[in-house]
Every structure is written in structure tokens, then in C-alpha cells.
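Residue strings, one per chain:
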Amino acid sequence: MTSRILSVTLATLALCSTPQLLASDIVTPEGREITLNPDGSWSYKSDDRIVTTPDGRRIRIRPDNTWEYTESAPAPVAAPVTAPPAVAQPMMMPIQTQLSIRDASIESYPKTLGQRIKTGSQSVFQIDAATSLNSTQPITVSESDFSRIQVSDSDGNSYKVIDITPSSLSLAPGAQATFSLRVDSSPKWWERVRSMKISFPAGLFGNSTPVTLEYLVKNMEKVTVQELR
């Protein structure tokens, strides 16, 4: 009796531990659907054929000349995200214009106020601008461009530009011109200022970097005038 119970128990455990195989459907390379049975047999599921379109969608082709998608159409592939085209940045050309200070002067105007004499002064620079023959285009400088020029001295003082003559320039490749730059005031002799500096911003004369010209104060001509501009 005991052995019979043990045999039944073992048989039950063996049955429980055996995996339950289920039928499964597959599609053959020819597009036919077949069912694979757990007992090792197989059978055609239908006379339909399954084909795949070039875009990856599966279609069921029936013998009665009808068809349908066998699954939802795949979501459209999003177009690759590309960065917006780079905005062309203005390219600074190599220095196309040579700048130099031809000469400089200090114009002073002594004015008597009672028993006192008050002297006003202005600094004037004659600047040569010569474009190179290999310049790709004319250099044009307007009055608004000239306002970007800065004047200072070796002691850190700044001077206001009050006049530039002529007020605009247009230089063809290989051309040369001279313009006058006048600033308010001048270095005081007792301040021992060594030099004055004129700074041209990048791009003003086709220059890719700022250009600074320097002129020694001791070489500036001293002129007394009847009036200042």
C-alpha cells in the first residue's frame, strides 16, 4: 500500500514538473503560415501568404485576390535632426591698409583773463593711409566709423576726438590718402607724458586686429594760434 502511494506521488510530481508545450505559429520563407504542434507535427494555418513590403510592413495576401496589413503600420521614421545651417560670419581680411602718423602738432591759444593767462590747446595728427595692391575691394571709412577712433597718452589720459578732415575716405587698391585728426587738449609739459597713442578698432581699415600708432610728445611741433577749432 505504501509503495503504491509513493508511485502515484512520484508520477504526479513528474507530471507537474513537465513543461506544458503549446502550439506556435511561424511564417516560412515562402510566406506560408504554419502551426507547430507540441507533438512534433505541423500543419498549414491557411492558404494565405505573408509578405513584407520594402518599408518593413507585413501584408496578408489571400487566394481571393484581397489583402490587408497583418499589423499596424509602423510609425513613420522621424527625419534626422540636423543643426541649422551655420550663419556665415563676416570674415576679417588681413591688414589691407598701412597706417602711419606723418607728423603731429600741439596748437595752443593763450587767452588773457584779467591779469591771468589761460591757455587752451588741441593736438593735431596727420595720418597717412595706404591700401595694398592686393586688396580685394576698396576701403571706405565714413564719419560714423571715424568716431570709433580712440586717442590716449602713455600716462593713461584719454582725449576726445573733435574733428576729422576729410569726414570720409574711399581708397581703391593701391591708393593713398592723408587725413587730419584733431583732439581736444594736449599733454601738459610738467606731466612728463612720453607719447600719444591713436587706436583704430579691428575692421575699420580692413585690419583683422586693432592697430595702435604712437607718436613721441617731444617730437610734436608746438604752434601758437589765434583761435582753436
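Residues numbered from 1 in each chain as written. Predicted model: local features only at pLDDT ≥ 70, side-chain atom pairs only at ≥ 80, totals over all residues. Heavy atoms only, no water.

Caption draft 1: Spotlight on the sheet that holds strand E4 (residues 58-61). Strand order in the open sheet made by the five strands is E1-E2-E3-E4-E5, with antiparallel pairing throughout. Each edge of the open sheet is held by one strand with a lone partner, namely strand E1 (24-27) and strand E5 (67-69). Going from strand to strand, the sheet's axes swing by 35° on average, the running direction of each strand aside. Across four bridges, the pairing between strand E3 (residues 42-52) and E4 is antiparallel. Looking at E4, one finds that Thr52 is bridged to Arg58. (Pairing = 2+ DSSP bridges. Helix = DSSP H or I, 4+ residues; strand = E, 2+ residues; numbered from the N terminus. Axes fitted to C-alpha atoms, helices over the stretch in contact; angles between N-to-C directions.)

Caption draft 2: Molecular detail of unusual backbone geometry. Residue Thr165 is joined to Pro166 through a cis peptide bond whose omega torsion reads -5°. Summarising the element assignment, Pro166 is placed in the loop between strand E11 (161-165) and strand E12 (169-171). Residue Ser185 is not a glycine yet carries a positive backbone phi of 75°. Overall, the relative accessible area of 23% leaves Ser185 in the partly exposed class. (Buried < 20%, exposed > 50% of the residue type's maximum accessible area, 1.4 Å probe, protein only.)

Caption draft 3: Focus on the side chain of Arg60. Take Arg60: it is sitting in strand E4. Here Arg60 falls in the buried class, since its relative accessible area comes to 17%. Here the side chain of Arg60 touches Glu33 through a polar contact of 2.6 Å, side chain to side chain. Polar contacts involving the side chain of Arg60 include one to the side chain of Asp48, which spans 3.1 Å. Apart from residues lying up to four places away in sequence, Arg60 is in contact with Glu33, Ser46, Asp48, Arg49, Ile50, Thr66, Trp67, Glu68 and Thr70. (Polar contact = N/O pair within 3.5 Å; in protein donor to acceptor, adjacent residues only side chain to side chain. Contact = heavy atoms within 4.5 Å.)

Caption draft 4: How the structure looks around the side chain of Asp153. By the element assignment, Asp153 lies in strand E9 (residues 150-153). Despite being buried, Asp153 has no salt bridge partner; Lys197 is the closest side chain of opposite charge, sitting 8.0 Å away. A distance of 2.8 Å separates the side chain of Asp153 from the backbone nitrogen of Asp155, its partner in a polar contact. Those residues in contact with Asp153 that sit more than four places away from it in its chain are Tyr159, Val193, Ser195, Met196 and Lys197. (Lys, Arg positive; Asp, Glu negative; His and termini not counted. Salt bridge = Lys/Arg side-chain N within 4 Å of Asp/Glu carboxyl O.)

Caption draft 5: Representation of the sheet that holds strand E10 (residues 158-159). Strand order across the open sheet formed by four strands is E10-E9-E14-E15, with antiparallel pairing between neighbours. Two strands in the sheet have a free side with no partner beyond their single neighbour: E10 and strand E15 (211-216). Relative to E10, E9 is paired through two bridges, and the arrangement is antiparallel. The partner of Ser152 across the bridge, within E10, is Ser158.

Caption draft 6: Spotlight on the nonpolar core. In terms of nonpolar packing, the biggest core is built from 31 residues, with Phe125, Phe179, Leu181, Ile198, Phe200 and Phe205 touching the most fellow members. The set of elements that each furnish at least two residues to this core consists of strand E6 (97-113), strand E7 (116-131), strand E8 (139-141), E12, strand E13 (176-184), strand E14 (195-200) and E15. Every residue in contact with Ile198, bar those within four places of it in the chain, is listed here: Ile101, Phe125, Ile127, Ile149, Gln150, Val151, Leu181, Val211, Thr212 and Leu213. (Core = buried A, V, L, I, M, F, W, Y, C linked by side-chain atoms within 4.5 Å.)

Caption draft 7: The arrangement of the environment of Trp67 in detail. Its location among the elements puts Trp67 in strand E5. Accessibility expressed as a relative area gives 49% for Trp67, which makes it partly exposed. A C-alpha to C-alpha distance of 9.6 Å links Trp67 and Arg49, two positions 18 residues apart in sequence.

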